[in-house]
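Okay, here's what each chain looks like letter by letter:
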Amino acid sequence: MSHDQDASRSLSIVRHRLAQAEVKFNRTPESVCLLAVSKTKPIEDIRAVMAAGQRDFGENYLNEALGKIEQLAGQGCCWHFIGAIQSNKTRPLAENFDWVHCVDRLKIAQRLSDQRKDDDLLNICIQVNIDEEQSKAGVLPEETKALCLAVAQLPRLKLRGLMAIPRASESFEEQRDSCRRLRELFESIQRELPDMDTLSVGMSGDLEAAVAEGSTMVRVGTAIFGQRAPKIS
Ligand SMILES: *Cc1c(COP(=O)(O)O)cnc(C)c1O
């Protein structure tokens, strides 16, 4: 079997999982956007899922992403940056991406707003360290509302919502518990910022738990493109 058939076949399995979860947890059909996380994967894999209609892609490594964005320019893709942001590398993010999901400091948001020149505003999610893990990026839950209120003031950004990477767990109930706390935080901030419409949570291993707790955007890599080789550098 060719590589292309693999990726498009896996994509349809993931779409089916997502549709099943929407039914099971009483979500509106097709209300959860599928972001295909293509980090470390070659452009051919992206083209294979584009042929099956996929247009939203998530990338973590800036230089790799910029190459892909350039090669696929004009083909209607929507590019989401989901990796760690270095404060001296905000300009290429502001200039080349449609979304940035991992903003956790006001300084980064200010730079992105200052550097956004496109007619469209840059869509932003605030990354929350929902399980308060030492190893993870993200703002702490109790500091999230203040950051959202400040980011919402910036002129060239559109604050869309929250993003999180819950603690890894095999247990559906544990996965769901992290997602529930994220949803409750999201809803409490939405009362002051009603334009927020995005809850970016759920990956290959926990997308059902995320959909159960109101995710509007799941970020799926491995289940579509297969295992990734460890990244060197
Ligand atoms: C890599 C990555 C994903 C995709 O994870 P999989 O387990 O491969 O589906 C999702 N979100 C972020 C932030 C990632 O870095």
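Here goes a summary of the coordinates provided. Treat the numbers as computed from the prediction; the structure is a model and nothing was measured.

## What to know about helix 7 (residues 172-190)
Then, number 1: Its 19 residues give helix 7 an end-to-end C-alpha distance of 26 Å, which sits within 8% of 27 Å, the value for a rise of 1.5 Å per residue.
Then, number 2: Those residues of helix 7 that are buried are in contact with strand 5 (122-128), helix 6 (141-151), strand 6 (157-164), strand 7 (198-200) and helix 8 (207-212).

## A word on the packing of aromatic side chains
Then, number 1: Under the definition given, this model contains three aromatic pairs.
Then, number 2: Ring geometry for phenylalanine 25 versus phenylalanine 172: centroids 6.1 Å apart, planes at 15°, classification stacked. Taken as a pair, phenylalanine 25 in the loop between helix 1 (3-24) and strand 1 (33-37) and phenylalanine 172 in helix 7 lie far apart in primary sequence, 147 residues in all.
Then, number 3: Residues phenylalanine 57 and tryptophan 79 carry aromatic rings whose centres are separated by 5.6 Å and whose planes lie at 35° to one another, so their mutual orientation is tilted. One end of the pair, phenylalanine 57, is in strand 2 (residues 56-59); the other, tryptophan 79, is in strand 3 (residues 78-81), and 22 residues separate them in sequence. You'll find phenylalanine 57 and tryptophan 79 in the same group, each marked buried.

## Focus on the side chain of aspartate 206
Then, number 1: Considering the arrangement of structural elements, one finds aspartate 206 in the loop between strand 7 and helix 8.
Then, number 2: The buried charged residue aspartate 206 lacks any salt bridge, with arginine 219 as its nearest oppositely charged partner at 7.0 Å.
Then, number 3: A polar atom in the side chain of aspartate 206 sits 2.5 Å from the backbone nitrogen of methionine 203.
Then, number 4: Not counting the four nearest positions on each side in its chain, aspartate 206 is found in contact with Pro166 and Gln175.

## Considerations on the environment of threonine 198
Then, number 1: Residue position: threonine 198 is located in strand 7.
Then, number 2: Assessed through its relative accessible area of 3%, threonine 198 is described here as buried.
Then, number 3: As for threonine 198 and lysine 41, which are separated by 157 residues in sequence, their C-alpha atoms are 26 Å apart.
Then, number 4: Leave out the neighbours within four places in its chain, and threonine 198 touches Trp99, Cys125, Arg160, Gly161, Leu162, Phe186, Thr216 and Met217.

## As for the pattern of salt bridges
Then, number 1: According to the stated counting rule, one finds 15 salt bridges in the structure shown.
Then, number 2: The shortest N-O distance in the salt bridge between arginine 105 and aspartate 104 comes to 3.5 Å.
Then, number 3: Arginine 176 serves as the salt-bridge partner of glutamate 213, at 2.7 Å between the closest nitrogen and oxygen. On the criterion of sequence distance, the pair formed by glutamate 213 in the loop between helix 8 and strand 8 (217-220) and arginine 176 in helix 7 is long-range, its members being 37 residues apart.
Then, number 4: You can call glutamate 213 buried: its relative accessible area is 3%.

## Overview of the nonpolar core
Then, number 1: The biggest cluster of nonpolar side chains holds 63 residues, and the ones touching the most others in it are Val100, Leu112, Ile124, Ile126 and Leu162.
Then, number 2: Excluding its chain neighbours within four sequence positions, the residues that come into contact with isoleucine 124 are Val100, Val103, Leu112, Val151, Leu157, Lys158, Leu159, Arg160 and Gly161.
Then, number 3: Of all hydrophobic cores here, the second largest spans eight residues; its members include Leu35, Val37, Met163 and Met217.

## Side note on the packing of helix 6 against helix 7
Then, number 1: At a minimum axis separation of 10 Å, helix 6 and helix 7 run at an interaxial angle of 30°. Relative to helix 7, the element helix 6 is oriented roughly parallel. Remark: the crossing between helix 6 and helix 7 carries right-handed chirality. Residue-level contacts link Pro141, Thr144, Lys145 and Cys148 of helix 6 to Leu185, Ser188 and Ile189 of helix 7.
Then, number 2: A per-class count over the contact of helix 6 with helix 7 returns four nonpolar, two polar and one charged.

## Re helix 3 (residues 62-71)
Then, number 1: Among the residues of helix 3, those classed as buried are Leu62, Glu64, Ala65, Lys68 and Ile69. End-on view of helix 3: buried residues confined to an arc of 160°, all on one side of the axis. In this structure, helix 3 carries Asn63 and Glu70 as exposed residues pointing more than 90 degrees from its buried face.
Then, number 2: The elements touched by buried residues of helix 3 are helix 2 (43-51), strand 2, strand 3 and helix 4 (90-96).

## A few points about the site of the ligand
Then, number 1: Taken together, 13 residues are adjacent to the ligand, and Lys39, Asn60, Ser204, Thr222 and Arg228 come closest.
Then, number 2: Contacts to the ligand include serine 204, whose side-chain N or O atom sits 2.5 Å from an oxygen atom.
Then, number 3: Relative to its free-state accessible area of 390 Å², the ligand is covered by the protein chains to the extent of 88%.
Then, number 4: A per-class count over the shell around the ligand returns six nonpolar, four polar and three charged.

What counts as what
Residues numbered from 1 in each chain as written. Predicted model: local features only at pLDDT ≥ 70, side-chain atom pairs only at ≥ 80, totals over all residues. Heavy atoms only, no water. Helix = DSSP H or I, 4+ residues; strand = E, 2+ residues; numbered from the N terminus. Expected span 1.5 Å × (residues − 1). Contact = heavy atoms within 4.5 Å. Phe/Tyr/Trp six-rings, centres within 6.5 Å; stacked < 30°, edge-to-face > 60°. Buried < 20%, exposed > 50% of the residue type's maximum accessible area, 1.4 Å probe, protein only. Lys, Arg positive; Asp, Glu negative; His and termini not counted. Salt bridge = Lys/Arg side-chain N within 4 Å of Asp/Glu carboxyl O. Polar contact = N/O pair within 3.5 Å; in protein donor to acceptor, adjacent residues only side chain to side chain. Core = buried A, V, L, I, M, F, W, Y, C linked by side-chain atoms within 4.5 Å. Axes fitted to C-alpha atoms, helices over the stretch in contact; angles between N-to-C directions. Parallel < 35°, antiparallel > 145°, perpendicular 65-115°, else oblique. Left-handed = near helix turned anticlockwise from the far one by under 90°. Nonpolar A, V, L, I, M, F, W, Y, C, P; charged D, E, K, R; others polar. Arc of directions from axis to C-beta. Near = heavy atom within 4 Å. Areas by Shrake-Rupley, 256 points an atom, 1.4 Å probe, with all protein chains shown as cover.

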